[in-house]
Each structure stands twice: as C-alpha cells, then as structure tokens.
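Descriptive structure summary
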Amino acid sequence: MYSDKVIEHFMCPQNVGSMPDADSEGTVGDPNCGDCLTIYIKVLDDVIIEISFLVFGCTASIATSSMTTVLAKGKSLEAALGITEQDIIDALGGLPMAKQHCSNLGVGALRKAIHNYRQTLGISNDHKALTD
C-alpha cells in the first residue's frame, strides 16, 4: 500500500518536534479526517534554516509532514512557497489515491508559517501560492 519512502518517513520522521523559539508557525487541519499539522520555521536572510513539525494523524500525514520539512529546509521563502502537493507525493514515491489529500496539510501549514512570518515583518503576502 505504501512506498518504502513513506514507511521510512513514518517510522523515522525527520525534523519532528516543537520549536519554542521559532520565528513563525503555521497550523492547518483537515476536518474530513481529523488530522492536524503545525510547522515551525526559523528564518535567516530569507532562508528557512530550521524547520520542525508536530502532527496528529495517520501514517500518510506523518510521512508527508516529514517530507515537507525535508523539502523546505535550506530553501528561500520564495522557493518554499513553490513546493506543491505533487512535489511531496513524488518525493515519497507516491501515495495511495485515498491518502493524497494528506500532502495538502504540509503545503498548507508551510505556506501559513511563511505568511505569518512575513506578516510579523510587515511584508506583503500577495504571493499567488498563498491563495492556492
């Protein structure tokens, strides 16, 4: 049912945990399945230098949350905003159709964290990706 990469990120998720001194955080939930994800970021010179997450959810939610952080770490905020649900699914070697919605959590929480960070700095959040 799940790829080896999904199982790897479920069994040994990367960048998991809260970040009390985060520059920003973003939380999203999926009312249809009850999953909830918070992503924390630290930013230096417009680059995500640290990222972590806490998630309540299924195998796919944990794996997609972990992969989201792997894909975003070290990227500029603009590049991180460009990460898509399909990027996450592809990086995990695919997801069953019924679980593909889990990738929405990662993208949504990451974009919300970036939006919140920019808002605290008084930077415009009119980026197209924030409204997708």
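Preceding this section is the structure that the text describes.
Residues numbered from 1 in each chain as written. Predicted model: local features only at pLDDT ≥ 70, side-chain atom pairs only at ≥ 80, totals over all residues. Heavy atoms only, no water.

What follows covers the pattern of salt bridges. In total, this model carries four salt bridges according to the counting rule given. Residues Glu 8 and Lys 5 are paired through a salt bridge, measuring 3.8 Å at the closest nitrogen-oxygen approach. A residue pair is termed a helical-turn pair when its members lie 3 or 4 positions apart in one helix, as Glu 8 and Lys 5 do in helix H1 (residues 4-11) at three residues. The closest approach of N and O atoms between Glu 50 and Lys 42, which form a salt bridge, is 3.9 Å. It is possible to trace a salt-bridge network through shared partners that takes in Asp 21, Lys 42 and Glu 50. (Salt bridge = Lys/Arg side-chain N within 4 Å of Asp/Glu carboxyl O. Helix = DSSP H or I, 4+ residues; strand = E, 2+ residues; numbered from the N terminus.)

Moving on, we get to the pairing of strand S1 (residues 24-30). Judged by which residues are buried, S1 turns out to be one-sided: Ser 24, Gly 26, Val 28 and Asp 30 face inward and are buried, whereas Glu 25, Thr 27 and Gly 29, on the alternate face, are not. Where S1 lies against strand S2 (residues 35-44), seven bridges are found, and the strand directions are antiparallel. Across the sheet, residue Thr 27 finds its bridge partner in S2, namely Thr 38. Taking the residues between adjacent antiparallel strands as the criterion, S1 and S2 are bridged by four residues, where Gly 34 takes a positive phi near 85°. (Buried < 20%, exposed > 50% of the residue type's maximum accessible area, 1.4 Å probe, protein only. Pairing = 2+ DSSP bridges.)

A positive phi angle, near 60°, is found at Asn 15, a position not held by glycine. Structurally, the position occupied by Asn 15 is in the loop between H1 and S1. In the Ramachandran plot, Asp 46 falls in the positive-phi region, its phi being about 70° despite a non-glycine side chain. Tracing the backbone through its elements, the reader meets Asp 46 in the loop between S2 and strand S3 (47-56).

Strands sit in the order S1-S2-S3 across an open sheet of three strands; the sheet is antiparallel. Strands with a single pairing partner mark the edges of an open sheet, and in this sheet they are S1 and S3. Strand-to-strand twist in this sheet, taken as the mean axis angle between neighbours without regard to direction, amounts to 15°. Sheet contacts for helix H2 (residues 59-72): S2 and S3; angle to S3, the most-contacted strand, approximately 175°. Strands in contact with helix H5 (residues 102-121) are S1, S2 and S3; relative to S1, the strand with the most contacts, it is inclined by about 150°. (Axes fitted to C-alpha atoms, helices over the stretch in contact; angles between N-to-C directions. Contact = heavy atoms within 4.5 Å.)

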